[in-house]
Amino acid sequence: MTAKKSGSRLETEIERCRSECQWDKIPELVRQLSTKLISNDDLGELLLGECKLQTYLKENPIKQGSSPRGPRPKLVEVRKHLTAALDRGNLKPDYMQEGSLLMAKLCYVEGEYQDALASYNKVSLDDMQLTGAPVYRLSMIAEAYATKGLCLEKAPALSPSFSNKNTGSPASHRSTSNQEQEIINCYEKSGDIALLYLQEAEKALSVGIQNRSPKPGPASQEQELGYFLETGLQRAHVIHFKNGNLTQGVGRFREILRAVETRTTQNLRMTIARQLAEILLRGMCEQSYWSPLEDPPTVSPLDDPTQQGHAHTKAYRLSRHARVYSGEKLFCPQENTEEALLLLLISESMANRDAVLSRIPEHNNDRIISLQSASVVYDLLTIALGRRGQYEMLSECLERAMKFAFEEFHLWYQLALSLMAAGKSARAVKVLKECIRLKPDDPTIPLLAVKLCIGPLHWLDEGECFGKMVIDMGEKAAEFRAKGYLAIGLVYSLKATDASLRSVQEEYQRKALGAFQRAQNLSPTDHLAAFYLALQLAVSRQIPEALGYVRQALQLQGDDVHSLHLLALLLSAQKHYHDALNIIEMALSEYPENFNLLYTKVKLESMCRGPEEALLTCKHMLQIWKSFYNLTNPSDSGRGSSLLDRAIADRRQLNAMTLPDFSDPETGSVHATSIAASRVEQALSEVASSLQSSAPKHGPLHPWMTLAQIWLHAAEVYISMSKPAEATACTQEAANLFPTSHNVLYMRGQIAELRGNMDEAKRWYEEALSINPTHVKTMQRLGLILHQLQRYSLSEKVLRDAVQVNSTAHDVWNSLGEVLQTQGNAAAATECFLTALELEASSPILPFTIIPRAL
């Protein structure tokens, strides 16, 4: 009786060690079992054979795609133990089955695939029970199915079921199809049972730890997946994809991912989730997508047409299945990008959790593998989120990747690009500086930084430094040196616009012309170099030379919108207004939503066809604005809510800000000397960046700025028609958006002048100058009002200040001449009149600087 209890206790301990893969303890337990229960010598042989086989495989892991042959003494011992246990026939039926499975596994390791299949035929795997089976037996059955599948792949003709030769006959094709079906069934059964085994093993391990008394000692090692279980989990979908059966492969991926996770399968799940996300993004469209809760379609455009009608379906049922995630109100993706994004966010979470960050040499390989795995996830996230325009979310994900990113250029560069796309320009420049440090010989990185500094940030000094980096690279950046000079020229051109002293303006204009000339010499086929050289010559009022270069730019790029716009402005400077209007209309036929072209058209139509035509164009602009920004269908934007609604949510922030002037000569481009422009950009960066994908391709970035400009242009037309009531209504519409804009206040001053209320006009102009002290139009009108009020000295000072800001404003020179003439300074007045006459002869309908200057 005592012996029986002792044997039962030993068998329980042996079963536990087999379940937990503690093979080093098996020999001692077998010795104890043999001394107490003599009749169990065959079981001892079986256990010793299993122990030595598992130990050998742990010390000599099988590599994918290879099974080396050769003398292996340890395997000879394994065969001796297993043969002794099986030949005597004293084992219980369950242990006899286990012995046959172990013998088949040994035959596979030794490369004897025919013997392995023969052993499996003796066992009848399909009859082995899963219900009530010990944990370790689940592992053996799962490995057996995987090994059988491997044997069938390596020696398919050796299977009795497929003894027919592939002769090309219909029977042969059916045999091949059946063969593939059996192989896939083996792997799928192996994977399903492996998931069940891993769940049960983890549950048994946790229960065992809780039941044991707390004793000091080494912690139990985590369960290892092993070659055969991993093959069973991964091989089935590989065969599906290899055969062009994408539908079944995706279905298999989903089955594995729906199983309740264990610690052992975490890395595998991350790999499968990433692979499935890649398939969803690159190989599946919305029309071919089906819900994870639905059965796969029998006929799908995803599959190889030659495989249609031969789809492999599950032809087996297991008596026991792995647990799957279930419950009420579980999230289920509705389209392929949504499912891919869900999978990638899960993968990213796992990659961050398991990140290897240690820099010590011993962890170098693990750290490299961790980095590579995370990089693939983030690259796929870039694709998924980029498709939906979710650059804000992408930049946040990549910021979490910075824990991997020490000295890793790729992740830094991805972060910089995502920040640029999200409108976080200032942070993007800082990240680009780190990219330049990591890759100092790449000229494209400082050029990206220049683009941001010139454009949304208006950091001209920083932009100059980045541009010089490209130029200083010399031959290393041979093909990019022209771009470097182009960037430097744009910086100098914008600095000339911002400068308040005429001498400084002229110096920067000279430097800009020199830089553009160098760019044009280095890259004579680049239309941008010729265009910006023409634009700078136009700003310097060298009209004939500018016409020559803009025609050269159009020869290189005939449909360039900015070159066409510049040509129209140059023609208007030569007073060929009808020709200029024809050019604008031709450009609008190619770019009908370009608001800068439409603004110019309004001015030219007022001149050539009358204000009524100009008002019709203003009405047309309002219709364009509504069609672009009044989105009512959430799916149109792909962001779950209307872009217009998002903009309206930020309208309160706009009320206290100033509207930048897009047509002032002193502002030049969207980002001008006015501090308000940078404030608007900073406050609205997120909304503005999200609007880029739906906004007109050639126009001001933020919709409310565009709308206010349209109303102000309409108000100006009404003023030219001497209709103060209509002009007031239009100005009020702009004021509702930007009540403290200096442009709005200036227009109210114009309306007050039209009504003959000079004191009110003076008050509006003074308020406008308190917001933007360098607004030349306001300074000119205020100077004239002060002149009418006989405050000649103050009027002269205001007008001289305006001349300092913009020395090419002919109307300011003319007003200054009138003031000086009234004061009796005839000589100075004559000089001012002559300057005004000369400048007016080359003055365009709108300032040349309405054309944006950006790299």
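Each value, and the rule that gives it
- Residues numbered from 1 in each chain as written.
- Predicted model: local features only at pLDDT ≥ 70, side-chain atom pairs only at ≥ 80, totals over all residues.
- Heavy atoms only, no water.
- Helix = DSSP H or I, 4+ residues; strand = E, 2+ residues; numbered from the N terminus.
- Buried < 20%, exposed > 50% of the residue type's maximum accessible area, 1.4 Å probe, protein only.
- Axes fitted to C-alpha atoms, helices over the stretch in contact; angles between N-to-C directions.
- Parallel < 35°, antiparallel > 145°, perpendicular 65-115°, else oblique.
- Left-handed = near helix turned anticlockwise from the far one by under 90°.
- Contact = heavy atoms within 4.5 Å.
- Nonpolar A, V, L, I, M, F, W, Y, C, P; charged D, E, K, R; others polar.
- Phe/Tyr/Trp six-rings, centres within 6.5 Å; stacked < 30°, edge-to-face > 60°.
- Patch = residues over 30% accessible without salt bridge, like charges linked within 9 Å, V, L, I, M, F, W, Y side chains within 5 Å.
- Areas by Shrake-Rupley, 256 points an atom, 1.4 Å probe, with all protein chains shown as cover.
- Salt bridge = Lys/Arg side-chain N within 4 Å of Asp/Glu carboxyl O.
- pLDDT = per-residue confidence, 0-100.
- Core = buried A, V, L, I, M, F, W, Y, C linked by side-chain atoms within 4.5 Å.

**Observations regarding the environment of Ala 401**
Alright, step 1. Here Ala 401 lies in the loop between α14 (391-400) and α15 (409-421).
Alright, step 2. The exposure class assigned to Ala 401 is buried, which follows from its relative accessible area of 0%.
Alright, step 3. Between the C-alpha atom of Ala 401 and that of Glu 348, which follows or precedes it by 53 residues, the distance is 8.8 Å.

**Side note on the packing of helix α13 (residues 364-387) against α14**
Alright, step 1. Here α13 crosses α14 at 170°, and the two axes come no closer than 9 Å. By the angle class used here, α13 and α14 are roughly antiparallel. Crossing geometry of α13 relative to α14 is assigned as right-handed. Contact with α13, carried on its side by Tyr 378, Leu 381, Thr 382, Leu 385 and Gly 386, involves Tyr 391, Met 393, Leu 394, Cys 397, Leu 398 and Arg 400 of α14 and no other residues of that element.
Alright, step 2. A per-class count over the contact of α13 with α14 returns eight nonpolar, two polar and one charged.

**Overview of the packing of aromatic side chains**
Alright, step 1. The final tally for this structure, using the stated rule, is eleven aromatic pairs.
Alright, step 2. Relative to Tyr 413, the ring of Phe 409 has its centre 5.2 Å away and its plane inclined at 20°; by these criteria the two rings are stacked. Placement of the pair is Phe 409 and Tyr 413 together in helix α15, with a separation of four residues, close to one helical turn.
Alright, step 3. Residue classification places Phe 409 among the buried residues on the basis of a relative accessible area of 19%.
Alright, step 4. On the numbers, 6.1 Å between centres and 25° between planes, the contact of Tyr 492 with Tyr 508 is stacked. Residue Tyr 492 is located in helix α19 (residues 481-498), and its partner Tyr 508 is located in helix α20 (residues 502-522); the two are separated by 16 residues in the primary sequence.

**Quick look at a nonpolar patch on the surface**
Alright, step 1. Taken together, Phe 331, Leu 342 and Ile 346 make up a surface patch of nonpolar side chains, about 280 Å² in accessible area.
Alright, step 2. If you trace the backbone, Leu 342 turns up in helix α12 (residues 336-353).
Alright, step 3. Relative accessible area serves as the criterion here: at 32%, Leu 342 is assigned to the partly exposed category.

**Quick look at the pattern of salt bridges**
Alright, step 1. Under the criterion given, the structure shown has 40 salt bridges.
Alright, step 2. Note that Glu 143 is salt-bridged to Lys 105, the shortest N-O span being 2.6 Å. Here Glu 143 is found in helix α7 (residues 135-154), whereas its partner Lys 105 is found in helix α5 (residues 93-109), with 38 residues between them in sequence. The two residues Glu 143 and Lys 105 agree in class, both being buried.
Alright, step 3. Here Glu 585 and Arg 609 are joined by a salt bridge, their closest N and O atoms 2.8 Å apart. In this pair, Glu 585 is assigned in helix α24 (residues 577-590) and Arg 609 in the loop between α25 (595-608) and α26 (611-629), connecting sequence segments 24 residues apart.
Alright, step 4. We classify Arg 609 as partly exposed; its relative accessible area is 40%.
Alright, step 5. Because the salt bridges share partners, they merge into one network encompassing Arg 18, Glu 50, Asp 94, Glu 98 and Arg 137.

**Notes on the confidence of the model for the protein chain**
Alright, step 1. The predicted model of the protein chain averages 80 in pLDDT, with 82% of residues at 70 or higher.
Alright, step 2. In the model, residues 1-6 has pLDDT below 50 throughout and makes three contacts with residues more than four positions away in sequence or in other chains.
Alright, step 3. Counting contacts from residues 631-701, a segment whose pLDDT is below 50, to residues more than four positions away or on other chains yields 162 contacts.

**Structural notes on the environment of Pro 440**
Alright, step 1. If you trace the backbone, Pro 440 turns up in the loop between α16 (425-438) and α17 (444-457).
Alright, step 2. For Pro 440, a relative accessible area of 48% puts it in the partly exposed group.
Alright, step 3. When the C-alpha atoms of Pro 440 and Met 469 are compared, they prove to be 9.2 Å apart, with 29 residues separating the residues in sequence.

**Quick word on unusual backbone geometry**
Alright, step 1. Of note in this structure, Ser 124 is not a glycine but carries a positive phi near 60°.
Alright, step 2. In this fold, Ser 124 is placed in the loop between α6 (113-123) and α7.

**Thoughts on the nonpolar core**
Alright, step 1. Formed by 221 residues in total, the largest nonpolar core has its most connected members in Tyr 378, Leu 566, Leu 570 and Phe 848.
Alright, step 2. By residue number, the principal contributor to this core is helix α32 (residues 703-720), which donates twelve residues.
Alright, step 3. Other than its neighbours up to four places away in sequence, Leu 566 contacts Phe 531, Ala 534, Leu 535, Ala 538, Val 550, Phe 848 and Ile 851.
Alright, step 4. If you look at the next biggest cluster of nonpolar residues, it comprises 29 residues, including Ala 761, Leu 769, Met 779 and Leu 820.

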